[in-house]
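So you can see what is in the structure, the chains are spelled out below.
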Amino acid sequence: MNQLPVVVFTFSRKRCDSNARMLNSLDLTTSFEKNRIRVFVNKCVTKLKHSDRNLPQVKTMEGLLSQGIGIHHSGILPILKEVVELLFQQGLVKLLFATETFAMGVNMPARTVVFDAIRKFDGVRPRFLNTAEYIQMAGRAGRRGLDTTGTVIVLCKDAIPELSDLNAIMMGKPTMLESRFRLTYTMILNLFSIENLTMEDMMKRSFFEVENQKSIPIYEEQMKQLNEQVASMSDSVACDVCSSTLRQYYERCSDYVTLRQEIKVVVSSTPNAIPVGRVVVVTAAGRTRPTYAIVLKVTTQKETTVVTVLTAKNQRAHGAKGNEHLWPHFINAHNTNAIVPEGVSETEVIQCSLNCDVLAITTRVVRVDATRVLNDWDKRQIPRFKDDPPGKSFLSATEELKSISHQMGSNPDELDPIVHLGLKDIDLHDKYVRSKRIRKDLLTYDCITCSSFEEHFYQMYENMKIKEKLQEVRKRIGNRLVLEPECKSRIEVLKELKYIDHNCILQLKGRVARQIGQHELMITELILENLFTEMQPAEIAALLSCMVFEDKHSSEAELNETLKRGMQSVLHTAQRIGKVQYDKGVQMPVEDYIKQFNFNLAEVVYEWARGTSFTDIMPLTDVQEGVIVRCIQRLDEILRDVKDAARTVGNPVLHKKMEEASQAIKRDIVFAASLYIQ
């Protein structure tokens, strides 16, 4: 109790809720405090409509707050979040479960901060907190004028974190300031309507380009050095067997390695794709030949996935080969000539980078007691225990490794991300099939039969890497503006879709799109295709909700026939726009563009716009109340954009419908006034 108030940072909304509910028997408040909390909460809740006061989330929060326990995350209703914040400031919330957003904006210190975990999923993969994130949250510990020190506690639910990981989190370098400047179609269209400012002027003034310009002298020096290296190298290999096919072999090899790396990125970000016991093929930096390995641990270090594995011992290579992280991928592209361990003395535990050191991920998963194997290995690295015999778990894992190495030989059973992981991605499947086909083709080249193939191929590899580096540096210097290629691509898209003419003069579509804040091309196309003409205001609002709802794991909505037809029209238009973008060089796959539009909240928005109470729309979805409110608020901005666009195209009927739709959704708890301004 001496450490209260406490903020527990949890990197999951669901875990925040479940942790708070598990403490329903804990009471941290006195009878006097309970009375103050009840009076304050009742005063705030009475501002809501009667039916909204009985929402499950409202009732749950009232009960928790009376015990001195609060929850704060984006799934909580805005008015309830403000209640929690105000009670926390008054010292009436003793234990608060919150996501990291609580540490970002509001100044609400506590005596103690607890980290539920020090790893989080950043939208791509699980990783450790960076130093800035840790300091931002840990800095809440200690109240000025009240506490001499603040206490920070890290919960160790599984294994105790490595000291190196904790040092990197707490004592790491500060995060570099990076520009988030991005080109949008609205920005380009607005600049074309201004005579005194060009696209180049605007980009040059951005922080993004200013930082890039500082690097130009460095690139020029690099180009000078690379030109000298290219001038001194030989263009061909002096070998009758290799000279005719080695260059073509390298190019095919390069395609193969690129595809494999792209596949690996997707696989590594898939939950449970690389569990403990997964068999992989590794070639840690400096090793002469690949080896089979059993995964014992997977961690994330500085944006890199690191796997700790049990594998066969291997000799170190000499010279530059050990320093080129992609070289093993090239030399082993046509044949995985793996080393097979013959006994315990020939195995070791090492750490490998998933992207650089793992050549292949196999389908095999073996049973292994990873904790005991690692503890056994760590113990025998201590000088006084180095002669101890390995434990039973280590011996068992070694036998498994030996057996699998013999079974697979030079042809590992590689993981198919579509078949074995159930990933439904056409682009990924295409990459996997192409990589298999290229590997088969590599066996047909004469150069691999040369007795000095590895030496000759490394010479070609080194020369080509220097030339590729030179080409990249020249491109950077030639494109003085990094954003210029993207800008040109987007301008070509606008021309193709008739938003501007060949002289970059705004057309009707362009004048409409420049008034829209987000998804400007999509909304403009839908307006001018008259998709909304025959729809009711509630149906239009429901359809446009796909532009603001981003939760990919929510339940699917049940749509009426009008909304189903509208959804198909939206997806068809998205397909057309996405294809034009991709053809003109915008770096976004068509599938990714289409995936932006999520209709899982359309049914909820439709019923809300028809006047259904918030209590009655909640059973229609598994989305949390706070997320629904935020999406409907963002939807109102789009409805106002469409209303303004309707005025521009001279469509009074659509203008009136947008006005009605906006008025229909702006009511009750969704647009309740903030407690801070009352």
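Residues numbered from 1 in each chain as written. Predicted model: local features only at pLDDT ≥ 70, side-chain atom pairs only at ≥ 80, totals over all residues. Heavy atoms only, no water.

Asks: I'd like a description of the overall build of the protein chain, backed by residues and values.
Replies: Along the backbone of the protein chain there are 27 helices and twelve strands. Burial status across the protein chain gives 48% buried among its 678 residues. Taking the intrachain contacts of the protein chain between residues at least 6 apart in sequence as the baseline, contacts between residues at least 24 apart amount to 77%. When the accessible surface of the protein chain is summed, it comes to about 34,600 Å², and 51% of that surface belongs to carbon and sulfur atoms. (Helix = DSSP H or I, 4+ residues; strand = E, 2+ residues; numbered from the N terminus. Buried < 20%, exposed > 50% of the residue type's maximum accessible area, 1.4 Å probe, protein only. Contact = heavy atoms within 4.5 Å. Areas by Shrake-Rupley, 256 points an atom, 1.4 Å probe, with all protein chains shown as cover.)

Asks: Now, about the nonpolar core: what can you tell me, with residues and values included?
Replies: Counting residues in each nonpolar core, the largest one holds 130 residues, and the members touching the most others are Phe-532 and Phe-614. With eleven residues, the single largest contributor to this core is helix H26 (residues 625-649). Counting residues in each nonpolar core, the second largest holds 21 residues, with Cys-239, Cys-242, Cys-447 and Tyr-461 among its members. (Core = buried A, V, L, I, M, F, W, Y, C linked by side-chain atoms within 4.5 Å.)

Asks: Give a description of the sheet that holds strand E2 (residues 69-72) that names residues and reports values.
Replies: Judged by pairing direction, the sheet is parallel, and its five strands sit side by side in the order E2-E3-E1-E4-E7 without closing on themselves. The sheet terminates laterally at E2 and strand E7 (151-154), the two strands that pair on one side only. Sheet twist, expressed as the mean angle between neighbouring strand axes with direction ignored, is 20°. Note that E2 and strand E3 (residues 95-98) share four bridges and pair parallel. Counted as the bridge partner of Ile-71 is Phe-97 from E3. On the sheet, helix H4 (residues 78-89) packs against strand E1 (6-9), E2 and E3 and is oriented at approximately 130° with respect to E2. (Pairing = 2+ DSSP bridges. Axes fitted to C-alpha atoms, helices over the stretch in contact; angles between N-to-C directions.)

Asks: Go over the packing of aromatic side chains, please, and point to the residues and values.
Replies: Scanning all chains against the criterion turns up six aromatic pairs. Relative to Tyr-134, the ring of Phe-115 has its centre 5.2 Å away and its plane inclined at 20°; by these criteria the two rings are stacked. In this pair, Phe-115 sits in strand E4 (residues 112-115) while Tyr-134 sits in helix H5 (residues 131-138), placing the two residues 19 residues apart along the sequence. For Phe-115, a relative accessible area of 0% gives the class buried. A centroid spacing of 6.3 Å and a plane angle of 10° characterise the contact between Trp-377 and Phe-394, whose relative ring orientation is stacked. Within this pair, whereas Trp-377 is found in helix H14 (residues 370-380), its partner Phe-394 is found in helix H15 (residues 392-408), the two being separated by 17 residues in sequence. This pair shows no difference in class: Trp-377 is buried, exactly as Phe-394 is. An aromatic cluster is defined as three or more aromatic residues linked by ring pairs; in this entry it consists of Phe-9, Phe-115 and Tyr-134. The ring centre of Tyr-185 lies 4.8 Å from the NZ or CZ of Arg-490, which sits over that ring. (Phe/Tyr/Trp six-rings, centres within 6.5 Å; stacked < 30°, edge-to-face > 60°. Lys NZ or Arg CZ within 6 Å of the ring centre and 35° of its normal.)

Asks: Lay out the pattern of salt bridges with the relevant residues and their values.
Replies: All told, the structure shown has 26 salt bridges when counted by the stated rule. Measuring nitrogen to oxygen at the nearest pair gives 2.7 Å for the salt bridge that ties Asp-376 to Arg-380. Of this pair, Asp-376 and Arg-380 both sit in helix H14, four residues apart, which is roughly one turn of that helix. Neither residue differs from the other here; Asp-376 and Arg-380 are each classed as buried. The salt bridge involving Lys-509 is made with Glu-525; its shortest N-O contact spans 3.1 Å. Highlighted residues: Lys-509 in helix H19 (residues 508-513) and Glu-525 in helix H20 (residues 520-528), separated in sequence by 16 residues. By relative accessible area, which is 19% here, Lys-509 ends up buried. Note on Glu-525: relative accessible area 3%, which makes it buried. If you follow the salt bridges from partner to partner, you end up with Lys-509, Glu-525, Glu-529 and Arg-576 in one network. (Salt bridge = Lys/Arg side-chain N within 4 Å of Asp/Glu carboxyl O.)

Asks: Tell me about the environment of Arg-474, and please be specific about residues and values.
Replies: Looking at the secondary structure, you find Arg-474 in helix H17 (residues 453-478). Separated by 251 residues in the primary sequence, Arg-474 and Met-223 place their C-alpha atoms 7.0 Å from one another. Leave out the neighbours within four places in its chain, and Arg-474 touches Met-223 and Asn-227.

Asks: Can you tell me about the packing of H14 against H15, naming the residues and giving the values?
Replies: Two quantities define a packed helix pair, namely the angle between the axes and the distance from one axis to the other. Look at H14 against H15: their axes get within 8 Å of each other, and the N-to-C directions meet at 110°. Our classification of the angle between H14 and H15 gives roughly perpendicular. Where H14 approaches H15, its residues Arg-372, Val-373, Asp-376, Trp-377 and Arg-380 are matched on the opposing element by Ser-393, Phe-394 and Ala-397. A class-by-class count of the residues in the contact of H14 with H15 yields four nonpolar, one polar and three charged. (Parallel < 35°, antiparallel > 145°, perpendicular 65-115°, else oblique. Nonpolar A, V, L, I, M, F, W, Y, C, P; charged D, E, K, R; others polar.)

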